Amino acid sequence: MAINTDKNVYTVVFASIMVVVVGAILASFASGLRPRIDENERFAKQQNILYAMGVHENTEDSGVNFIPTDRVENEFANYIKEQYVLNNNGDVEQYEEAYLLDLKKQIAALKKGEEAKLPFFIGEKDGKKSYILPMYGKGLWDAIWGFMALDENLVVQGVYFDHKGETPGLGANIKLRYFMDDFSGEYVVDGNQFKGIAVAKGNNDPLNENKEDYEVDALAGATITGNGVAAMIKESLNLYKPYLQTVRIN
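Residues numbered from 1 in each chain as written. Predicted model: local features only at pLDDT ≥ 70, side-chain atom pairs only at ≥ 80, totals over all residues. Heavy atoms only, no water.

Peer 1: Please explain the overall build of the protein as it appears in this structure.
Peer 2: Helix and strand counts for the protein stand at six helices and ten strands. Every one of the 250 residues in the protein was classed for burial, and the buried ones make up 41%. With the model as given, the accessible surface of the protein reaches about 13900 Å², and the carbon-plus-sulfur share is 51%. (Helix = DSSP H or I, 4+ residues; strand = E, 2+ residues; numbered from the N terminus. Buried < 20%, exposed > 50% of the residue type's maximum accessible area, 1.4 Å probe, protein only. Areas by Shrake-Rupley, 256 points an atom, 1.4 Å probe, with all protein chains shown as cover.)

Written as structure tokens, this is what we have:
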């Protein structure tokens, strides 16, 4: 008996079968690719952390050039000397592969009064220590995040920013080198006050020569994203303040 393909029931049954079949195929692909996806995410975090502390392959006129993935694990092990977490009580403890912790989840747990582990790292380059903090915040449209490396005087050695959905050519420029480079050398503490770094519209120092004004020049047309970056930096400094106060020497 021939099947009447003109009936609605045939269309519904056929579509349902295809959804199940295609879904099963996609699930199988996703499961098979999960190890590779996890590996790429791990490499990306290592690249970002190293970039913030100045370990990259930038040239004078280049854009952002990370350590390649075929070398990044070795370089990460070479430059990142210690990994720690800061708990709810302000106590510090060593934590293997702390960089893999999800900072967003840890901050959420902390705000709920639940147990939290805030990761941070100590790196060393050319005999100089860097204290590297992960950061997480909100831009105009979605999440922004990054890493900031500080020296023993809590002066910025470098940063790396990224975003999920900021506007191309505007807020998305937080991950471009010309913006990130402005943060190097900036002070974040005034006396005992953790001030952070404002992303200031109408900044009187567009060439960023004054490193003690606690601000950098804003991105054109991206005021809300810039404010998000500034808020992210200040919140991160406050989160890690109990530890940072112990490492500051001047």
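Anyway, onward from the coordinates.
Peer 1: Any chance you could explain the sheet that holds strand β1 (residues 80–86) here in plain terms?
Peer 2: What holds strands together in a sheet is hydrogen bonding between their backbones, with the strands either parallel or antiparallel. The sheet built from six strands is open, its strands ordered β2-β1-β3-β4-β5-β6 with antiparallel pairing. The open sheet terminates on both sides in strands that have one partner only, identified here as β2 (92–94) and β6 (156–163). Sheet twist, expressed as the mean angle between neighbouring strand axes with direction ignored, is 25°. Across the sheet, helix α2 (residues 69–79) touches β1 and β3 (118–125), and the angle it forms with β1 is around 75°. Together, β1, β3, β4 (128–138), β5 (143–150) and β6 form the strand contacts of helix α5 (residues 223–239), whose direction differs from that of β4 by roughly 125°. (Pairing = 2+ DSSP bridges. Axes fitted to C-alpha atoms, helices over the stretch in contact; angles between N-to-C directions. Contact = heavy atoms within 4.5 Å.)

Peer 1: For this particular structure, what's the right way to read a nonpolar patch on the surface?
Peer 2: On the surface, L140, W141 and I224 cluster together to form a nonpolar patch covering roughly 320 Å² of accessible area. With respect to the helices and strands, W141 occurs in the loop between β4 and β5. (Patch = residues over 30% accessible without salt bridge, like charges linked within 9 Å, V, L, I, M, F, W, Y side chains within 5 Å. Salt bridge = Lys/Arg side-chain N within 4 Å of Asp/Glu carboxyl O.)

Peer 1: Where do I start with the packing of aromatic side chains in this structure?
Peer 2: What characterises a pair of aromatic rings is the spacing of the ring centres plus the angle enclosed by the ring planes. Scanning the entire structure with this criterion turns up eleven aromatic pairs. Seen in terms of ring centroids, F120 and Y240 are 6.0 Å apart; in terms of plane orientation they differ by 80°. Their pairing is edge-to-face. With F120 in strand β3 and Y240 in the loop between α5 and α6 (241–247), the pair connects residues that are 120 residues apart, well separated along the chain. For the residue pair F120 and Y240, the accessibility class agrees, reading buried in each case. (Phe/Tyr/Trp six-rings, centres within 6.5 Å; stacked < 30°, edge-to-face > 60°.)

Peer 1: How do you make sense of the nonpolar core when you look at a structure like this?
Peer 2: Most often, soluble globular proteins keep nonpolar side chains buried together rather than apart. Of all hydrophobic cores here, the largest spans 41 residues; its most connected members are L150, F161, F183, I233, Y240 and L244. Within the second largest apolar cluster, 18 residues are counted, among which are V72, Y99, L101 and I132. (Core = buried A, V, L, I, M, F, W, Y, C linked by side-chain atoms within 4.5 Å.)

Peer 1: What is the right way to look at the pairing of β6 in this model?
Peer 2: Regular strands place side chains that alternate from one sheet face to the opposite one. With respect to burial, β6 is a largely interior element, seven of its eight residues being buried. In this sheet, β6 lies alongside β5 in antiparallel orientation, the contact comprising seven bridges. Counted as the bridge partner of G146 is F161 from β6.

Peer 1: Mind showing me how you'd approach the pairing of β1 here?
Peer 2: Judged by how many residues are buried, β1 sits mostly within the fold: five of seven residues are covered. Where β1 and β3 come together, six bridges link them in antiparallel fashion. Considered in β3, the bridge of E82 is made with I122. Bridge count for β1 against β2 is three bridges, and the pairing is antiparallel. By the bridge assignment for β2, V85 is matched with E93. The turn linking β1 back onto β2 is made up of five residues, and G90 within it adopts a positive phi angle of 85°.

Peer 1: Looking at this structure, how should I read the environment of R248?
Peer 2: Considering the arrangement of structural elements, one finds R248 in the segment after α6. Taking the C-alpha atoms as reference, R248 lies 5.2 Å from E152; in sequence the two are 96 residues apart. Aside from chain neighbours lying at most four places away, what touches R248 is E152, L154, V189, G191 and N192. Here the side chain of R248 touches G191 through a polar contact of 2.4 Å, landing on its backbone oxygen. (Polar contact = N/O pair within 3.5 Å; in protein donor to acceptor, adjacent residues only side chain to side chain.)

Peer 1: Looking at this structure, I do not really get α5. What am I missing?
Peer 2: Residues spaced three or four apart along an α-helix face the same direction, because each turn holds 3.6 residues. With 17 residues, α5 extends 24 Å from end C-alpha to end C-alpha; this agrees with the ideal 24 Å at 1.5 Å per step. When we look at burial in α5, the residues that qualify are T225, G226, G228, V229, A230, M232, I233, S236, L237 and L239. (Expected span 1.5 Å × (residues − 1).)

Peer 1: Help me understand α2 in this model?
Peer 2: Within α2, the full set of buried residues consists of V72, E75 and F76. Around the axis of α2, the buried residues are gathered within 105° of arc, so they sit on the same side. Residues of α2 that are exposed and point more than 90 degrees away from the buried face comprise D70, N74 and A77. (Arc of directions from axis to C-beta.)

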